[in-house]
Amino acid sequence: MAAVPTVPAWLGTASFAVLGAALGFLAYKLIRLALADADLHLLGLGKHRAKAFEGKVVWITGASQGLGAVLAKYFAGFGAKLILSSRDAAKLQRVKDSLGLGAAADDRVTILPFDLLADYSELEKAAAAADAAFGGAGVDYLIHNAGASQHALASETSAQVTDELMALNAVGPIKLTRAMLPYMLRRDRGRIVVVGSMSSKLPSPGQAVYAAAKMALYGYFSTLATEVSDTGVSVTICCPGPVATGSEETPRVVYGANGRIVQNNTGASNRLDPARAAQLIASAAAHGVDEAWIAKHPVLAVGYIWQLLPALGWRLLKKVGPKRARAIKEGRNGYDVSKLMK
């Protein structure tokens, strides 16, 4: 009878040690994922350097309110020079005054109002003005933040709302980028930061046209990133989930089926704090990340499921889709999975 080979004691101990370390690492990653408000790659990179934006020119669209105003305050706090844009010059001035820069405000902040839906010639003028700001310093970061959300069923959304949402959320940023690209390419530097949406990565029942526009943004800017990868110009696509604009009772102006409507801030408890969203967007830009997911659960979890297990993702979203679409339309919480799964 053949002798049974024995395993050296040191090998057994080493194997258990490796297995223990592997299980510990897996547990650590699972805990981090359970507590995450962004993808693990971005969180692993940590916060950007303190001087990452010092003296850099940051152009923010949609800067007169909401996340845009929070982004302005964030970058100002790290020494950036700001170009603030939206249609409303008075609101932009209020944002400028709120930055706490005192006498330095005029040297560090330029207000550049324009309409993203204007003729292309107007966007070309805006791009030229941005490039010429601060003594012709050029734009280091163009942050596409302008846009509007939607709460309506696809079957009820009017043609007018469809046109307006696509123009504001997709066509406008694409055209402005086309106007700005020659200046960035000529200087061989500049990063385009797109504030997209997790709805560009997975279906978003109750927001069909909004999701279509964000998917169009993702398609354009991901392709652009590959086209300019041999230059000094680059692209970061940020995909946030819902971001808070106040308490759950705070009204929000969004697109309904036939135009703009006012609704409560649905699902405020699942929305990311805007200051945290600004920090993560800035870190993604500073670290040169190609794509960043920025969201709380359940949106972040569903994003991973959709990417890794698409069949399960389809099954899950078909299960909750009709109820979520109706909840969003009616101004109710569209992020409470326990209620949607009933």
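Described in the following lines is the structure provided in the data block. Owing to the predicted nature of the structure, the values given are computational and were not obtained by experimental measurement. (Residues numbered from 1 in each chain as written. Predicted model: local features only at pLDDT ≥ 70, side-chain atom pairs only at ≥ 80, totals over all residues. Heavy atoms only, no water.)

1. Section: the overall build of the protein
A tally of regular secondary structure across the protein gives 12 helices and nine strands. Looking at the protein as a whole, 47% of its 342 residues qualify as buried. Partitioning the intrachain contacts of the protein with sequence separation of at least 6 by distance along the chain shows that 72% fall at a separation of at least 24. About 16,300 Å² of surface is accessible on the protein, with carbon and sulfur atoms providing 59% of the total. (Helix = DSSP H or I, 4+ residues; strand = E, 2+ residues; numbered from the N terminus. Buried < 20%, exposed > 50% of the residue type's maximum accessible area, 1.4 Å probe, protein only. Contact = heavy atoms within 4.5 Å. Areas by Shrake-Rupley, 256 points an atom, 1.4 Å probe, with all protein chains shown as cover.)

2. A few points about the packing of aromatic side chains
This structure, assessed with the given rule, holds eight aromatic pairs. Among the aromatic side chains, those forming a connected cluster through ring pairs are Phe-53, Tyr-74, Phe-75, Phe-78 and Tyr-141. (Phe/Tyr/Trp six-rings, centres within 6.5 Å; stacked < 30°, edge-to-face > 60°.)

3. Details of the pattern of salt bridges
Across all of its chains, the model carries eight salt bridges by this definition. Across the pair Lys-125 and Glu-122 runs a salt bridge whose closest N-O atoms are separated by 3.4 Å. Here the residue Lys-125 and the residue Glu-122 both occupy positions in helix H6 (residues 120-136), the gap between them amounting to three residues, near one helical turn. Lys-125 sits in the exposed class, given a relative accessible area of 52%. (Salt bridge = Lys/Arg side-chain N within 4 Å of Asp/Glu carboxyl O.)

4. Quick word on the nonpolar core
Residues Trp-59, Ile-60, Phe-75, Leu-82, Ile-83, Leu-84 and Val-139 are the most contacted members of the largest nonpolar core, which totals 90 residues. Counting residues per element, this core draws most heavily on helix H7 (residues 159-187), which supplies eight residues. (Core = buried A, V, L, I, M, F, W, Y, C linked by side-chain atoms within 4.5 Å.)

5. Concerning helix H8 (residues 208-227)
An ideal rise of 1.5 Å per residue puts 28 Å on 20 residues; H8 measures up with 29 Å between its terminal C-alpha atoms. Every buried residue belonging to H8 is among Val-209, Tyr-210, Ala-211, Ala-213, Lys-214, Leu-217, Phe-221 and Leu-224, and all of these are buried. Looking at the buried side of H8, the elements it contacts are strand S4 (141-144), H7, strand S5 (190-195) and strand S6 (233-240). (Expected span 1.5 Å × (residues − 1).)

6. Observations concerning H7
The end-to-end C-alpha distance of H7, which contains 29 residues, comes to 41 Å, matching closely the 42 Å that a straight helix rising 1.5 Å per residue would cover. At Ala-167, H7 is bent by approximately 45 degrees, the largest bend along its length. Asp-188, located one to two residues past H7, shows a positive phi value of around 60 degrees. (Bend = angle between axes of the 7 residues up to and from the residue.)

7. Considerations on the packing of H6 against H7
Look at H6 against H7: their axes get within 9 Å of each other, and the N-to-C directions meet at 40 degrees. In this view, H6 runs oblique relative to H7, as classed from their interaxial angle. The element H6 and its partner H7 pack so that their crossing is right-handed. Across the interface between the two elements, Tyr-120, Leu-123, Glu-124, Ala-127, Ala-128, Asp-131 and Gly-136 of H6 pack against Gly-172, Lys-175, Leu-176, Arg-178, Ala-179, Met-180, Tyr-183 and Arg-187 of H7. (Axes fitted to C-alpha atoms, helices over the stretch in contact; angles between N-to-C directions. Parallel < 35°, antiparallel > 145°, perpendicular 65-115°, else oblique. Left-handed = near helix turned anticlockwise from the far one by under 90°.)

8. A short note on the environment of Ala-69
Tracing the backbone shows Ala-69 in helix H3 (residues 66-77). Spatially, the C-alpha atom of Ala-69 lies 9.3 Å from that of Ser-98, the residues being 29 residues apart in sequence.

9. Examining the sheet that holds strand S1 (residues 57-61)
Strand pairing in a sheet is mediated by backbone hydrogen bonds. Such pairs are either parallel or antiparallel. Taken together, seven strands build an open sheet; the order of strands is S3-S2-S1-S4-S5-S6-S9 and the sheet is parallel. The sheet terminates laterally at strand S3 (109-111) and strand S9 (291-294), the two strands that pair on one side only. Pairs of neighbouring strands in the sheet enclose a mean axial angle of 15 degrees, with direction left out of account. Of the pairings in the sheet, the one linking S4 to S5 comprises four bridges and is parallel in character. Each bridged residue has a counterpart across the sheet, and for Ile-143 the counterpart in S5 is Val-193. Contacts from H3 reach S1, strand S2 (81-85), S4 and S5 within the one sheet, and its direction differs from that of S1 by about 170 degrees. (Pairing = 2+ DSSP bridges.)

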